[in-house]
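Chain by chain, the residues run as shown.
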Amino acid sequence: MMLRLILCLSALMLATSVQAQDREVPYWASLRADEINMRVGPSADYKIDWVYRRRGLPVKVVRVMEGWRLIEDPDGARGWVASRLLDPDRGAVVIGKSPATMHEDNDKTSKVKWRLEPGVVGRLGDCDDGWCEFTVGERAGWVRQKSLWGAGEP
């Protein structure tokens, strides 16, 4: 009985993982590991073009091929990564030339909690009326959507 339950749960987890990665493109994802190789083609046989060292960095998935995804990063670079290295949870990165302000509420008159330098990566929550919930480590608040790459439609 216990073995049957374990097998059923394993099959359900695998199906959920595969289903999460087989969405209609384009879609947002995040880098799952501390180090990920981006390749010039959809196979481990292809040359490594870039090595990412930013767990949580948001990427746009623009093409799907078997166990590989063609991604675009915040700088516009494109390449292939293994689908298992992508997290379907959404992240975002602060963009622009100056710090973005993190507010207590989704209102520019609310208290400023933090100033976030361009390049800061965090978890993206709900977005509403041009504001997004954004969490960086233990710090959470609201940031203008226009200051985040990874928010909005891919």
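Residues numbered from 1 in each chain as written. Predicted model: local features only at pLDDT ≥ 70, side-chain atom pairs only at ≥ 80, totals over all residues. Heavy atoms only, no water.

Draft legend 1. Quick look at the overall build of the chain. Secondary structure summary: the chain contains 1 helix and 14 strands in total. Pairs at least 24 apart in sequence give 53% of the contacts found in the chain among residues at least 6 apart. Of the roughly 9600 Å² of accessible surface on the chain, 51% is carried by carbon and sulfur atoms. (Helix = DSSP H or I, 4+ residues; strand = E, 2+ residues; numbered from the N terminus. Contact = heavy atoms within 4.5 Å. Areas by Shrake-Rupley, 256 points an atom, 1.4 Å probe, with all protein chains shown as cover.)

Draft legend 2. Layout of the environment of Pro26. Positionally, Pro26 belongs in the loop between helix H1 (2-21) and strand S1 (27-31). Pro26 sits 128 residues away from Pro154 along the chain, and the two C-alpha atoms are 5.9 Å apart. Those residues in contact with Pro26 that lie beyond four places of it in its chain are Lys60, Val61 and Pro154.

Draft legend 3. Spatial organisation of the packing of aromatic side chains. For the coordinates displayed, the defined rule picks out 1 aromatic pair. Between Trp28 and Trp149 the ring centres are 4.8 Å apart and the planes differ by 85°, which places this aromatic pair in the edge-to-face class. Of this pair, Trp28 sits in strand S1 while Trp149 sits in strand S14 (residues 148-149), and the two are 121 residues apart along the sequence. A relative accessible area of 6% places Trp28 in the buried class. Taking relative accessible area as the criterion, Trp149 reaches 16% and is therefore assigned buried. Of note, Arg139 hangs over the ring of Trp114, and the distance from its end group to the ring centre comes to 3.8 Å. (Phe/Tyr/Trp six-rings, centres within 6.5 Å; stacked < 30°, edge-to-face > 60°. Buried < 20%, exposed > 50% of the residue type's maximum accessible area, 1.4 Å probe, protein only. Lys NZ or Arg CZ within 6 Å of the ring centre and 35° of its normal.)

Draft legend 4. Structural detail: the nonpolar core. Counting 16 residues, the largest nonpolar core has Leu31, Tyr52, Ile71 and Leu86 as its most contacted members. For this core, the secondary structure elements donating two or more residues are S1, strand S2 (36-39) and strand S4 (58-65). Element by element, the count of residues in this core is highest for S1, at 4 residues. Each residue touching Tyr52, except ones within four places of it in the same chain, is listed here: Leu31, Asp34, Glu35, Ile36, Met38, Leu57, Ile71 and Asp73. (Core = buried A, V, L, I, M, F, W, Y, C linked by side-chain atoms within 4.5 Å.)

Draft legend 5. Focus on the confidence of the model for the chain. Taken residue by residue, the chain gives an average pLDDT of 90. The fraction at 70 or more is 86%. Confidence drops under a pLDDT of 50 for residues 5-9, and excluding neighbours within four residues, the segment shows 0 contacts in the predicted structure. (pLDDT = per-residue confidence, 0-100.)

Draft legend 6. Region of the structure containing the pairing of strand S11 (residues 121-128). Two strands pair when backbone bridges link them, and strand S8 (residues 91-94) and S11 are joined in this way by 3 bridges, in the antiparallel orientation. Directly across from Val93, in S11, lies its bridge partner Val121. Bridging between S11 and strand S12 (residues 131-136) involves 4 bridges; their strand directions are antiparallel. Each bridged residue has a counterpart across the sheet, and for Cys127 the counterpart in S12 is Cys132. The antiparallel pairing of S11 with S12 creates a hairpin that spans 2 residues between the two strands, and Asp129 there sits at a positive phi of about 50°. (Pairing = 2+ DSSP bridges.)

Draft legend 7. Quick peek at the side chain of Arg69. Examined against the element boundaries, Arg69 turns out to sit in strand S5 (residues 68-72). A distance of 3.5 Å separates the side chain of Arg69 from the side chain of Tyr27, its partner in a polar contact. (Polar contact = N/O pair within 3.5 Å; in protein donor to acceptor, adjacent residues only side chain to side chain.)

Draft legend 8. Summary view of the state of the cysteines. One pass over the structure, following the stated rule, counts 1 disulfide. Put simply, Cys127 and Cys132 are joined by a disulfide, and their sulfur atoms are 2.0 Å apart. Since a negative S-S torsion denotes a left-handed disulfide, the Cys127-Cys132 link at about 110° is right-handed. (Disulfide = S-S within 2.5 Å.)

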